[in-house]
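What follows is each chain in one-letter form.
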Amino acid sequence: MRYSLLTHLECSRCHRHWDSGKLQNVCPDCQSPLLARYDLPAARAELQRESIAARPRGMNRWHELLPVQTPENVVTLGEGDTPLLNLPHLGAAIGLSRLMLKDESLNPTGTFKARGQAAAISRAKELGAQQVIIPTAGNAGGAMAAYASRAGLVARVYMPADTPHSNMQECRAVGAGVVLVEGLISDAARAVSEVVRQGGWFDVSTFKEPYRLEGKKVMGYELAEAFAWDLPDVIIYPAGGGMGLVAIWKAFAELEELGWLNGPNRPRMVAVQAAGCAPVVRAFEAGEMTNTFWENAGTIASGLRVPKSYGDRLMMETLYQSHGTAVAVSDEQIRAAQLQLGQSEGIFAAPEGAATVAALPVLLERGWLKNDERVVLLNTGTGLKYLP
Ligand SMILES: *Cc1c(COP(=O)(O)O)cnc(C)c1O
Ligand SMILES: [Zn+2]
């Protein structure tokens, strides 16, 4: 069997197929995000989930279902295989008997952004990119810079001038050029587009590059494996661009096609946003398929400060298809939840991760969550990166 069973890229909107053998960003026809497709029938015939379980730990043990074509091109810092922890004390206090947390803060660079960048930078290098560029709310830039240096690529990161200092210092410490932009990630994105138009730089923006999503989808594979292939009832995700939410849902669809899922259960996917920037919640409540730009976005959860995601349609599809929902929580609720999680379970979560804890009482009060459901929170990063 081939090392990777990647076959082509498919447009998420017009469904045209595109060559995965060269560097691609969005669909050349309709500018929508591209999704990686694999020869899943071949994997179903020749690959066993048990053999993947027996491989050395790390994201790359799923290599047949990832884009990199040869092992020499895999750039790794040890990402993936993060723990799934029970939260018995917090669960008892809130009224949930089977509450769990997947702790992504153990990834290199302290956030789950490492997964996406490991896949994207490995594949970009394999396809000949030499210079990579990204607009970031903070953590994606740090991860991109780290993997680019590891791969021997030149990296440049554009971030809002009020991004947490640790993010800027991290990017510089791992060798990237840092450009500070007045405004939000949307302004940084405009500046990056300008540079990319002039040529020479490969753009690894959220949803404008097809393989970051592939790295993040491995969270879904790992969850399925940890639940003995009988998926949990609810997954609660702090959504900025929403790529992780879409990626986990894609992983479940692939596992279904592989025939690897035991039960019929498909989790309800929940997007949690900050009240100061909640375009997904607003769209969900209006029953819309796309988002409108959120003016004057502001929140301590910098990773959630995304006024409009390029993948908004994919995110909304995931919420509707999974019978999920969307919740906004205030910065005060996030701060209180961060303390509660730390004091009850010893986990110092990033504000984004803490936002998922803050969503629990809201969902219980609405009657949307039942007390004995298997609920998984995604802690996407470590609180240590947000210290002044
Ligand atoms: C980027 C980020 C998010 C949001 O992730 P998306 O996939 O863009 O929705 C959440 N938490 C942290 C810590 C982040 O860095
Ligand atoms: Zn298209």
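None of the values given here were measured: they were computed from a predicted structure. (Residues numbered from 1 in each chain as written. Chains lettered and ligands numbered in written order. Predicted model: local features only at pLDDT ≥ 70, side-chain atom pairs only at ≥ 80, totals over all residues. Heavy atoms only, no water.)

**Examining the coordination of the zinc ion (ligand 2)**
Point 1. Here the zinc ion (ligand 2) is held by Cys11 (SG), Cys14 (SG), Cys27 (SG) and Cys30 (SG), and the distances to it run 2.3 to 2.4 Å.
Point 2. Each of the four donor atoms bound to the zinc ion (ligand 2) contributes to angles spanning 96 to 120°, and the resulting shape is tetrahedral.
Point 3. Counting along the primary sequence, the residues that act as donors to the zinc ion (ligand 2) give the motif C-x2-C-x12-C-x2-C. Pair noted here: Cys11 is in strand 1 (residues 6–11) and Cys30 is in the loop between strand 2 (17–18) and strand 3 (34–38), with a separation of 19 residues, a long-range link.
Point 4. Given a relative accessible area of 28%, Cys30 falls into the partly exposed group. (Donors = N, O, S within 2.8 Å, 3.2 Å for Na, K, Ca; no water. Tetrahedral: all angles 85-135°; square planar, octahedral: opposite > 155°, others 65-115°. Helix = DSSP H or I, 4+ residues; strand = E, 2+ residues; numbered from the N terminus. Buried < 20%, exposed > 50% of the residue type's maximum accessible area, 1.4 Å probe, protein only.)

**Concerning the side chain of Ser205**
Point 1. Tracing the chain through its elements places Ser205 in the loop between strand 9 (202–203) and helix 8 (212–226).
Point 2. If near-sequence neighbours (up to four positions away) are discounted, Ser205 is found in contact with Ile134, Pro135 and Arg212. (Contact = heavy atoms within 4.5 Å.)

**So, the site of ligand 1**
Point 1. Taken together, 16 residues surround ligand 1, and among them Lys113, Tyr237, Gly240, Gly242 and Thr380 come closest.
Point 2. Within the side chain of Lys216, one N or O atom sits 3.0 Å away from an oxygen atom of ligand 1.
Point 3. Interatomic distance of 2.6 Å between a backbone N/O atom of Gly242 and an oxygen atom of ligand 1.
Point 4. Calculation on ligand 1 without its partners gives an accessible area of 380 Å², and the protein chains cover 96% of this total.
Point 5. Elements with a minimum of two residues in the shell around ligand 1: strand 10 (234–238) and helix 9 (243–258).
Point 6. The residue inventory of the shell around ligand 1, partitioned by class, reads six nonpolar, seven polar and three charged. (Near = heavy atom within 4 Å. Polar contact = N/O pair within 3.5 Å; in protein donor to acceptor, adjacent residues only side chain to side chain. Areas by Shrake-Rupley, 256 points an atom, 1.4 Å probe, with all protein chains shown as cover. Nonpolar A, V, L, I, M, F, W, Y, C, P; charged D, E, K, R; others polar.)

**Some words on the sheet that holds strand 9**
Point 1. Pairing within the open sheet is parallel, and its four strands lie in the order 8-7-6-9. At either end of the open sheet lies a strand with only one pairing partner, and these are strand 8 (177–181) and strand 9.
Point 2. Note: strand 7 (residues 154–160) against strand 8, five bridges, orientation parallel. Note that in strand 8 the partner of Arg156 across the bridge is Gly177.
Point 3. On the sheet, helix 7 (residues 185–197) packs against strand 6 (131–135), strand 7, strand 8 and strand 9 and is oriented at approximately 155° with respect to strand 6. (Pairing = 2+ DSSP bridges. Axes fitted to C-alpha atoms, helices over the stretch in contact; angles between N-to-C directions.)

**A few points about the packing of helix 5 (residues 139–151) against helix 6 (residues 165–173)**
Point 1. Closest axis-to-axis distance for the helix 5/helix 6 pair is 8 Å, and the angle between their directions is 10°. By the criterion of interaxial angle, the relationship of helix 5 to helix 6 is roughly parallel. Viewed along their axes, helix 5 and helix 6 form a crossing whose handedness is left-handed. On helix 6, the residues that touch Asn139, Gly141, Gly142 and Ala145 of helix 5 are Asn167, Glu170 and Cys171. (Parallel < 35°, antiparallel > 145°, perpendicular 65-115°, else oblique. Left-handed = near helix turned anticlockwise from the far one by under 90°.)

**As for the domain arrangement of the chain**
Buried accessible area, meaning the area lost when the parts come together, often serves as the stated size of an interface.
Point 1. On domain assignment, one finds that the chain holds domain 1 (6–73), domain 2 (84–108 + 216–386) and domain 3 (113–203).
Point 2. A separation of 23 Å is found between the C-alpha centroids of domain 1 and domain 3.
Point 3. Taken together, the contact pairs 13 residues of domain 1 with 11 residues of domain 3.
Point 4. Contact between domain 1 and domain 3 buries roughly 1000 Å² in total, counting both sides, with carbon and sulfur atoms accounting for 63%.
Point 5. Of all residues in domain 1, Leu23, Met59 and Asn73 bury the most surface against domain 3, accounting for 52% of the area lost on that side.
Point 6. Across the domain 1-domain 3 interface, the total number found is zero salt bridges.
Point 7. Summed over the shared surface of domain 1 and domain 3, the result is five residue pairs in polar contact (both at pLDDT 80 or more).
Point 8. Of the residues contributing to the side of domain 1 that touches domain 3, the split by class is five nonpolar, seven polar and one charged. (Domains from an automatic or database assignment. Buried area = accessible area lost by both parts, 1.4 Å probe. Salt bridge = Lys/Arg side-chain N within 4 Å of Asp/Glu carboxyl O.)

**Observations regarding the nonpolar core**
Point 1. Ranked by internal contacts, the top residues of the largest apolar core, which has 90 residues, are Trp62, Val132, Ile235, Phe252, Leu255, Trp260 and Leu319.
Point 2. Among the elements that make up this core, the one with the highest residue count is helix 9 (10 residues).
Point 3. Apart from the residues lying within four places of it in its own chain, the contact partners of Trp260 are Leu47, Gln48, Arg49, Ile52, Trp62, Leu65, Trp229 and Leu255.
Point 4. Formed by 30 residues, the second largest nonpolar core is a distinct cluster that contains Ile94, Leu96, Val270 and Val357. (Core = buried A, V, L, I, M, F, W, Y, C linked by side-chain atoms within 4.5 Å.)

**Let's talk about the sheet that holds strand 12 (residues 325–329)**
Point 1. Strand order in this open sheet of six strands is 4-5-13-10-11-12, and the pairing throughout is mixed. Among the strands making up the open sheet, the edge pair consists of strand 4 (84–86) and strand 12. On average, adjacent strands in this sheet sit at an angle of 25° to one another, irrespective of strand direction.
Point 2. Two strands pair when backbone bridges link them, and strand 10 and strand 13 (residues 374–379) are joined in this way by three bridges, in the parallel orientation. In the sheet register, Ile236 faces strand 13, and the bridge partner there is Leu377.
Point 3. Together, strand 10, strand 11 (268–274) and strand 13 form the strand contacts of helix 9, whose direction differs from that of strand 11 by roughly 175°.
Point 4. Contacting strand 11 and strand 12, helix 11 (residues 312–321) runs over the sheet at an angle of about 130° to strand 11.

**A word on the packing of aromatic side chains**
Point 1. All chains considered together, the criterion is met by five aromatic pairs.
Point 2. When the centroid spacing of 4.8 Å and the interplanar angle of 40° are considered together, the rings of Trp62 and Tyr221 count as tilted. Residue Trp62 is found in the loop between helix 2 (49–53) and strand 4, and its partner Tyr221 is found in helix 8; the two are separated by 159 residues along the sequence. By the burial criterion, Trp62 is buried, and Tyr221 matches it.
Point 3. Sitting over the face of the ring of Phe112, Lys216 holds its NZ or CZ atom 3.9 Å from the ring centroid.
Point 4. Positioned above the aromatic ring of Trp368, the side-chain terminus of Arg268 is 4.3 Å from the ring centre. (Phe/Tyr/Trp six-rings, centres within 6.5 Å; stacked < 30°, edge-to-face > 60°. Lys NZ or Arg CZ within 6 Å of the ring centre and 35° of its normal.)

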